[in-house]
Amino acid sequence: MGCYPSRNKQRFPGYDGPLVLASQTSFTVSEVEALFEMFKDISGSMADDGLISKEEFQLALFKNSQKENLFANRIFELFDLKHRGAIDFSDFVRSLNVFHPNTSVDEKVNFEFKLYDLDDTGFIERTEVKQMLDALQKESEMRFSDATVEAILDKTFQDIDGNHDGKIDKDEWINFVSRRPSLMKIMTLPYLKDVTTTFPSFVFNSEVDDIAT
């Protein structure tokens, strides 16, 4: 899958070569090269600009560039390390690295906390958990009454919010995850150790129910 560094740097903004990215992540050089082939397919699906737009990201996940999904939107935001509304190749590899089986649990826990901290306040707040529940209902076509939603929120914060300040901080999250290891399953994609050109499917919405039960 030979990558040509000088040509790629011109065509793909933010491009770092396989040797550089392999030295900074859990991926091997050959895995980075496979990811580059995947990246080229995704970034060129709607516009040949060497970047993955939000619409191209959604198209890769859902085969529909217009589908709105809270968790897909949030993952895109977290992958967009340079905050420019698009993902370059280096950001793509460095962000996917958190899902590699060889990446540390601490990194995975930190990323998952950020995933649910929708407003980037450093806390997971009640309104954010409610947003997740609303997204879960929309995706699964389940319908909870308002009373049921409030009961789920009450139980969630009773279980996680140790200091009862109405929000979940990083330490409380770490403690909760240590008691609920199933929550970490979504943070490891085993096939990243043997990458193909099939874009990984991130199925986060099914885990919200685990958090709020």
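Since the structure is predicted, the reported quantities are computational estimates derived from the model, not experimental observations.

Peer 1: Can you tell me about the confidence of the model for the protein, naming the residues and giving the values?
Peer 2: Summing up the model confidence of the protein, the mean pLDDT is 86 and the portion of residues at 70 or higher is 86%. Across the protein, element-level confidence peaks in strand E3 (residues 124-125) with a mean pLDDT of 97 and bottoms out in helix H11 (residues 208-211) with 52.

Peer 1: Outline the packing of helix H3 (residues 29-43) against helix H6 (residues 89-96), supporting the account with residue identities and numerical values.
Peer 2: Closest axis-to-axis distance for the H3/H6 pair is 10 Å, and the angle between their directions is 120°. Overall, the two elements H3 and H6 adopt an arrangement that is oblique. For the element pair H3 and H6, the recorded crossing hand is right-handed. Only Phe89, Phe92, Val93 and Leu96 of H6 make contact with H3, whose side of the interface consists of Val32, Leu35, Phe36, Met38, Phe39 and Ile42. A per-class count over the contact of H3 with H6 returns ten nonpolar, no polar and no charged.

Peer 1: Which residues make up the packing of aromatic side chains, and what values go with them?
Peer 2: Using the criterion set out here, one finds 15 aromatic pairs in the structure. Ring geometry for Tyr15 and Phe89: centres 5.6 Å apart, planes at 20°, overall stacked. Of this pair, Tyr15 sits in the loop between helix H1 (5-11) and helix H2 (18-24) while Phe89 sits in helix H6, and the two are 74 residues apart along the sequence. Ring plane angle 85° and centroid distance 6.4 Å describe the contact between Phe71 and Tyr116, whose orientation is recorded as edge-to-face. Pair noted here: Phe71 is in helix H5 (residues 70-79) and Tyr116 is in helix H7 (residues 105-116), with a separation of 45 residues, a long-range link. For Phe71, a relative accessible area of 3% corresponds to the buried category. It is Lys167 that lies over the ring of Phe123; its NZ or CZ is 4.2 Å from the centre.

Peer 1: An account of the UniProt feature "domain: EF-hand" (unreviewed entry) in the protein is needed here, citing residue identities and associated values.
Peer 2: The UniProt record annotates "domain: EF-hand" (unreviewed entry) at residues 67-102, 104-139 and 148-183. Between the C-alpha atoms that bound residues 67-102 there is a distance of 32 Å. The span itself is 50% helix and 6% strand. With 72% helix and 6% strand, residues 104-139 has end C-alpha atoms that lie 30 Å from one another.

The rules we used
Going along each chain's sequence as written, the residues are numbered from 1 onward. Where local features are concerned, this predicted model is filtered to residues with pLDDT of at least 70; where side-chain atom pairs are given and counted, the filter is 80 or more; whole-chain, interface and lining totals use all residues. Calculated side-chain values reflect all of the structure's heavy atoms, with hydrogen atoms and water omitted. The predictor's confidence in any single residue is recorded as pLDDT, a number from 0 to 100. Secondary structure elements are defined from DSSP: runs of H or I of at least 4 residues count as helices, runs of E of at least 2 residues count as strands, and each element is numbered from the N terminus. An axis is simply a line fitted to the C-alpha atoms; with a helix, the fit covers only the stretch in contact. Between two such axes, the angle follows the N-to-C directions and lies from 0 to 180 degrees. Note on terminology: angles under 35 degrees are roughly parallel, angles over 145 are roughly antiparallel, angles of 65 to 115 are roughly perpendicular, and the others are oblique. If you view the pair so one helix is near and one far, a crossing is left-handed when the near helix is turned anticlockwise from the far one by less than a right angle, and right-handed when it is turned clockwise. In what follows, a contact means two residues having at least one pair of non-hydrogen atoms within 4.5 Å. Polar here means any residue other than Ala, Val, Leu, Ile, Met, Phe, Trp, Tyr, Cys and Pro, which are nonpolar, and Asp, Glu, Lys and Arg, which are charged; Gly is therefore polar. Think of it this way: a Phe, Tyr or Trp ring, Trp meaning its six-membered ring, pairs with another when their centres are within 6.5 Å, and the plane angle makes it stacked under 30 degrees, edge-to-face over 60, tilted otherwise. Residue exposure (1.4 Å probe, protein chains only): buried if accessible area is under 20% of the type maximum, exposed if over 50%, otherwise partly exposed. Charges are assigned to positions over rings by a cutoff of 6 Å between ring centre and Lys NZ or Arg CZ, combined with an angular limit of 35 degrees from the ring normal. UniProt positions are given in the numbering used here, feature names are shortened, and annotations may be inferred rather than shown by experiment.

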